[in-house]
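Here is what each chain is made of, one letter per residue.
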Amino acid sequence: MTILPVIPTSPDTPDAVVTRRRPAMPPRHLADLDLAGRRAAVTELGEPAFRAQQLSTHYFGRLVRDPAAMTDLPAASRAKLTEDLLPMLLTPQRELACDDGATRKTLWKLHDNAMVESVLMGYPDRITACVSSQAGCGMACPFCATGQAGLTRNLSVAEIVDQVVYLAGVAASGAVTGSPPRLSRVVFMGMGEPLANYPRVIEAVRRLVAPAPEGLGLSQRHITVSTVGLVPAMRRFIAEGLSVTLALSLHAPDDDLRDELVPVNQRWKVAEVLDAAFDYAAQTGRRISIEYALIRDVNDQPWRADLLGRLLHGKLAHVNLIPLNPTPGSKWDASPKPVEREFVRRLRDAGVATTVRDTRGREIDGACGQLAASELTVVDAGGAVADAEVAR
């Protein structure tokens, strides 16, 4: 985990006690609250309770994030409610598009200057949003740009939800040509480890699936939450009564290699992580998605494909192979296509459903954390300041 800076209480005293700076969370937002909480908040401001319904209808039903467009609210009320319940949480710094506009990536600056990313991906039959749950990540996976950056802080419920509402608005505008104008899927596979920000991610999921105007009214079956394998949180997740897809970022079937690629494996080994995942599948009836980034000469050997096939044979699981999107300066590279095809063949011969993720966004720093890393590099130099979809 990244160590936050320590600040002496008195720089003139050599033995001064040092304290850790706690990351400053953003101000309260409408999306942090359920509908009952919003009613309580507006009445505390001296407004009638029905204002909560109006605000919620604008934000979740009409995807309006700009209070100035909420013209059915009296001007005085609007100013008061905006200040308390609709603060600006995300400021776009860069917005890039590729794949003829079907893939769009946004780099956001948060209230404390932290950077996060989200991606919108359009297909003929669906539009998927890939969102971040943390600014940075503390899991330290060496092939991941976000992992290389370290953890800044957790995102609030509203910071997570606001990414989705914004991207849903982009979809509704018709900007993603060749795709339906409605966001249908959300994957928590952007920056961060979702289960390391457990309570806020769970609340964000509940907000996304709640019927409008309390939430966005998305199907639980179209939401995917990923994890590198935080077993206690996975066990807790089983008890939530949700039926979202769980994606396990495995990346190696053996402990020796996974200890290196996914350092949390030094605490919870492959067998224990898979047991928790299989228990989630048994509880929900939902197929587990096993995420596996194929890395040249690292985890792409035929014997590892065979081992993975044995581990997953007969289980309610699907392998989502990911051609690695290399990060600048990294020693890691994607496996050659013939190696990838052989890996797929061996898994399918073992009776394991396997697909290869569509590679998108390379020309717009598509891997999680690449765009933020490039922006921070510019800052440090003195200048101006993914398809993650697996529920197929």
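Only a predicted model underlies this, so the values are computations on that prediction, with no experimental measurement involved. (Residues numbered from 1 in each chain as written. Predicted model: local features only at pLDDT ≥ 70, side-chain atom pairs only at ≥ 80, totals over all residues. Heavy atoms only, no water.)

A. Fine view of the sheet that holds strand β3 (residues 91-98). The ten strands lie next to each other as β3-β4-β5-β6-β9-β10-β11-β12-β13-β14, forming an open sheet whose pairing is mixed. Single-partner strands in this sheet number two, and they are β3 and β14 (353-356). If you compare each strand with its neighbour and ignore which way they point, the axes differ by 20° on average. With seven bridges joining them, strand β4 (residues 103-109) and strand β5 (residues 115-123) adopt antiparallel strand pairing. Each bridged residue has a counterpart across the sheet, and for L107 the counterpart in β5 is E117. Taken strand by strand, helix α5 (residues 157-172) contacts β3, β4, β5, β6 (126-130) and β9 (185-188), and its axis lies near 35° from that of β5. Strands in contact with helix α6 (residues 198-209) are β9 and β10 (223-227); relative to β9, the strand with the most contacts, it is inclined by about 175°. (Pairing = 2+ DSSP bridges. Helix = DSSP H or I, 4+ residues; strand = E, 2+ residues; numbered from the N terminus. Axes fitted to C-alpha atoms, helices over the stretch in contact; angles between N-to-C directions. Contact = heavy atoms within 4.5 Å.)

B. Representation of the pairing of β9 within the structure. Side chains R185 and V187 of β9 all project onto a buried face; the interleaved residues V186 and F188 project onto the opposite face, where all are buried too. Bridge analysis of β9 against β10 gives three bridges, and the strand direction is parallel. By the bridge assignment, F188 is partnered in β10 with V225. Following the chain from β9 across α6 to the adjacent parallel β10, one finds a crossover that is right-handed. (Buried < 20%, exposed > 50% of the residue type's maximum accessible area, 1.4 Å probe, protein only. Right-handed = clockwise from strand over helix to strand, strands pointing away.)

C. How the structure looks around the packing of α5 against α6. At a closest axis distance of 8 Å, the pairing of α5 and α6 adopts a crossing angle of 40°. One way to sum up the angle between α5 and α6 is to call them oblique. The handedness of the crossing between α5 and α6 is right-handed. The segment α5 lies against α6, with V157, I160, V161 and V164 engaging R200, V201, E203, A204, R207 and L208. Split into classes, the residues belonging to the contact of α5 with α6 amount to seven nonpolar, no polar and three charged. (Parallel < 35°, antiparallel > 145°, perpendicular 65-115°, else oblique. Left-handed = near helix turned anticlockwise from the far one by under 90°. Nonpolar A, V, L, I, M, F, W, Y, C, P; charged D, E, K, R; others polar.)

D. Expanded view of the packing of aromatic side chains. Scanning all chains against the criterion turns up four aromatic pairs. Summarising the aromatic geometry, the rings of W108 and Y166 are spaced 4.7 Å apart at their centres and angled 90° between planes, so their arrangement reads as edge-to-face. Linking W108 in strand β4 with Y166 in helix α5, this pair joins segments that are 58 residues apart in sequence. Relative to Y280, the ring of F237 lies with its centre 5.2 Å away and its plane at 5°, an arrangement referred to as stacked. Of this pair, F237 sits in helix α7 (residues 231-238) while Y280 sits in helix α9 (residues 270-284), and the two are 43 residues apart along the sequence. Accessibility expressed as a relative area gives 1% for Y280, which makes it buried. Geometry around Y123 places R126 over its ring, the cationic atom sitting 4.1 Å from the centre. (Phe/Tyr/Trp six-rings, centres within 6.5 Å; stacked < 30°, edge-to-face > 60°. Lys NZ or Arg CZ within 6 Å of the ring centre and 35° of its normal.)

E. View of the confidence of the model for the protein. Per-residue pLDDT for the protein averages 87, and the proportion of residues at 70 or more is 85%. Predicted confidence is poor over residues 374-392, with pLDDT under 50, and the contacts of this stretch with residues over four places away or in other chains come to 53 contacts. (pLDDT = per-residue confidence, 0-100.)

F. Region of the structure containing the pairing of strand β12 (residues 288-294). By the criterion of burial, β12 is predominantly enclosed, with seven of the seven residues buried. The two faces of β12 match: I288, I290, Y292 and L294 on one face and S289, E291 and A293 on the other face are all buried. Two strands pair when backbone bridges link them, and β12 and strand β13 (residues 317-323) are joined in this way by seven bridges, in the parallel orientation. Looking across to β13, one finds that L294 is bridged to P323. What joins β12 to β13 is helix α10 (residues 302-312), and the crossover it makes is right-handed.

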